[in-house]
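What the coordinates show
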Amino acid sequence: MTKKKALITGISGQDGSYLAEYLLEQGYEVHGIIRRSSVSENQDSRIRHLNDKIHTYYGDMLDIPSLTKIMIDVQPDEIYNLAAMSHVRISFDIPSFTIQTNGLGVLNLLEAYRMFAPTAKFYQASSSEMFGNSVDDDGVQRLTTPMNPVSPYGCAKLLAFNLVRHYRHAYGLHACNGILFNHESPRRGSNFVTNKVVKAAVEIKKGLRDKLELGNLDSYRDWGHSKDYVRAMHKIVNHEAPDEFIVATGETWSVRQLVEYVFNRLDLDYKDYVVQNPKFMRPEELKYLKGDSSKSRKILGWKPEYTFHTMLDEMIENWMEKL
C-alpha cells in the first residue's frame, strides 16, 4: 500500500516537529518546508533527530515559485500550514511582515494547493488571538463569539481563517481551520512567556541569574500541550467534512499563577525575583482566553492528555537537564 504523503509548512517549529513525529508514527511519508536562516543549526534544531526519516525543502510563504515547485513535486495528500511569524508581541514591531506572512502567505499557499494539488486535504493553523477581547457572557470563547483581534498577528490570522473558508466554498476544496488556543512544550521558543518563565526560574535556582523581567502578569490564557494539539490537527483534517474546530483545555490561568507554580516547584518565592518591564507590555493587551472545545471532543473524540501542571513539570525537567 502506498504511504499517505503529508506536507508541513513550518515543520521546524514546535508544532511542526511534534506533528512530523506523530505522522511518522501513523505511517505517513512526511515532507516539510524550512525557511533558511543564516545559522543552520537554528533551522532544524527541533527536527534534526528526524533527518533521515523526513524530506525537507527550502521555501518561504512569500516566495510563490518555491511553494508551487514543492506542491508539484510532492503531490501531498494532506497539507498542514503551520508556518507563521508566530510571536504576538513582536507582531507590533514588524506589522507589515506579519500581515504578509500570516495573511498573504496563506493566500499564496492556497493558490498553489488549488492549482497543483486540489484533491489534498488542507489544515490551517488558526489562532485564539482572532477573538481579541471578545468573550461570551459565560466567560468562554466559542465558534460563534465575534472575532475582534487586538494585534497585527490576530488580524493576519483572521484574514487567513476567512481565506480558507472562502476557498472551501468557492472551489470545493477540503480546507479546514483549527482554532488552537495557546499551547506550549519544552520545544517552545524561550522568548514565549511559558518557556521564558521556566528557563529563567531554573537559571535563578542554579545561580545563573538573579531576576526575571515580564510584561502583564494579569493576562489569562488557556494553555495546553503542543503534543496533544497536533493530534487534534490530524483529526480535524481527516474529519469527513471540512470544517472549523476549536482546540482548547477549557481552563484559564494567569501569567501570575504560571509564575507562582513554576517558582514554587523550585522552592523559590517569585516575588523576590520577578519585576515588570513596560517593554514587554503590548500596545493593546489581550486580557483573557478560555476556549470551548466541546465540538472537537464530541465529534472528533479528541481530549488532552496533559494538564496545565504536568505540561509545566515537563518543561521544568527539560531545563533542569539542559542547564
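For the structure, check the block above.
Residues numbered from 1 in each chain as written. Predicted model: local features only at pLDDT ≥ 70, side-chain atom pairs only at ≥ 80, totals over all residues. Heavy atoms only, no water.

So, on to the overall build of the protein. The number of helices and strands found in the protein is 11 helices and 13 strands. Since a compact globule built from 323 residues should have a radius of gyration of about 20 Å, the 19 Å found for the protein is in line with a globular shape. Across the 323 residues of the protein, 55% fall into the buried class. A separation threshold of at least 6 residues defines the contact pool for the protein, and within that pool the share at least 24 residues apart is 79%. Carbon and sulfur atoms provide 50% of the accessible area of the protein, an area that totals close to 14300 Å². In the protein, which carries 40 positive and 41 negative side-chain charges, the distance between the mean positions of the two groups comes to 1 Å. (Helix = DSSP H or I, 4+ residues; strand = E, 2+ residues; numbered from the N terminus. Rg over C-alpha atoms; globule rule 2.2 N^0.38 Å. Buried < 20%, exposed > 50% of the residue type's maximum accessible area, 1.4 Å probe, protein only. Contact = heavy atoms within 4.5 Å. Areas by Shrake-Rupley, 256 points an atom, 1.4 Å probe, with all protein chains shown as cover. Lys, Arg positive; Asp, Glu negative; His and termini not counted. Charge placed at Lys NZ, Arg CZ, Asp CG, Glu CD.)

What follows is about the packing of aromatic side chains. In total, this model carries 9 aromatic pairs according to the counting rule given. Each ring, one from Tyr-229 and one from Trp-302, has its centre 5.6 Å from the other, and the planes form 85 degrees; the classification is edge-to-face. With Tyr-229 in helix H8 (residues 226-237) and Trp-302 in the loop between helix H10 (294-299) and helix H11 (308-322), this pair connects stretches of sequence that are 73 residues apart. Classification of Trp-302 as buried rests on a relative accessible area of 1%. (Phe/Tyr/Trp six-rings, centres within 6.5 Å; stacked < 30°, edge-to-face > 60°.)

Time to look at the sheet that holds strand E6 (residues 174-180). One open sheet holds the 7 strands; their spatial order is E3-E2-E1-E4-E5-E6-E11, and the pairing between them is parallel. One side of each edge strand has no neighbouring strand; the edge strands of this open sheet are strand E3 (55-58) and strand E11 (244-247). On average, each strand axis in the sheet is inclined to that of its neighbour by 20 degrees, with strand direction left out of account. Across 4 bridges, the pairing between strand E2 (residues 29-34) and E3 is parallel. Counted as the bridge partner of His-31 is His-55 from E3. The strands that helix H3 (residues 64-74) touches are strand E1 (5-9), E2, E3 and strand E4 (78-81); relative to E3, the one it contacts most, it runs at about 155 degrees. (Pairing = 2+ DSSP bridges. Axes fitted to C-alpha atoms, helices over the stretch in contact; angles between N-to-C directions.)

Between helix H5 (residues 95-116) and helix H6 (residues 152-171), whose axes approach to 8 Å, the crossing angle comes to 15 degrees. Here H6 runs roughly parallel to H5, going by the angle between their axes. Here the hand of the crossing between H5 and H6 comes out right-handed. Counted together, Pro-95, Thr-98, Ile-99, Asn-102, Gly-103, Leu-104, Val-106, Leu-107, Leu-110, Glu-111 and Arg-114 of H5 and Pro-152, Tyr-153, Cys-155, Ala-156, Leu-159, Ala-160, Leu-163, Val-164, Tyr-167 and Tyr-171 of H6 form the full contact between these two elements. Looking at the contact of H5 with H6, its residues break down into 16 nonpolar, 3 polar and 2 charged. (Parallel < 35°, antiparallel > 145°, perpendicular 65-115°, else oblique. Left-handed = near helix turned anticlockwise from the far one by under 90°. Nonpolar A, V, L, I, M, F, W, Y, C, P; charged D, E, K, R; others polar.)

Within the secondary structure, Lys-298 is located in helix H10. C-alpha of Lys-298 to C-alpha of His-166: the two residues are 132 residues apart in sequence and 26 Å apart in space.

Turning to the side chain of Thr-68, a few remarks are in order. Relative to the assigned elements, Thr-68 resides in helix H3. Not counting residues within four places of it along the chain, the set of residues in contact with Thr-68 comprises Ala-112 and Phe-116.

Turning our eyes to something else, we now look at the nonpolar core. Core analysis: the largest hydrophobic core is formed by 30 residues, its most contacted members being Ile-8, Leu-23, Tyr-80 and Tyr-123. Elements supplying a minimum of two residues to this core: E1, helix H1 (14-25), E2, strand E5 (121-127), E6, H8 and E11. With 6 residues, H8 is the largest single contributor of residues to this core. The next biggest cluster of nonpolar side chains, apart from the first, holds 28 residues, and it includes Ala-201, Leu-214, Met-311 and Leu-312. (Core = buried A, V, L, I, M, F, W, Y, C linked by side-chain atoms within 4.5 Å.)

A separate point is the pattern of salt bridges. A complete count under the given rule lists 20 salt bridges for this structure. Arg-142 is the salt-bridge partner of Asp-138, the closest N and O atoms lying 2.9 Å from each other. Taking the shortest distance from any N to any O, the salt bridge between Glu-244 and Arg-165 comes out at 3.5 Å. Separated by 79 residues along the polypeptide, Glu-244 in strand E11 and Arg-165 in helix H6 bring together distant segments of the chain. Judged by its relative accessible area of 5%, Glu-244 falls in the buried class. Salt bridges here are not isolated pairs; linked through shared partners, they connect Asp-136, Asp-138, Arg-142 and Asp-292. (Salt bridge = Lys/Arg side-chain N within 4 Å of Asp/Glu carboxyl O.)

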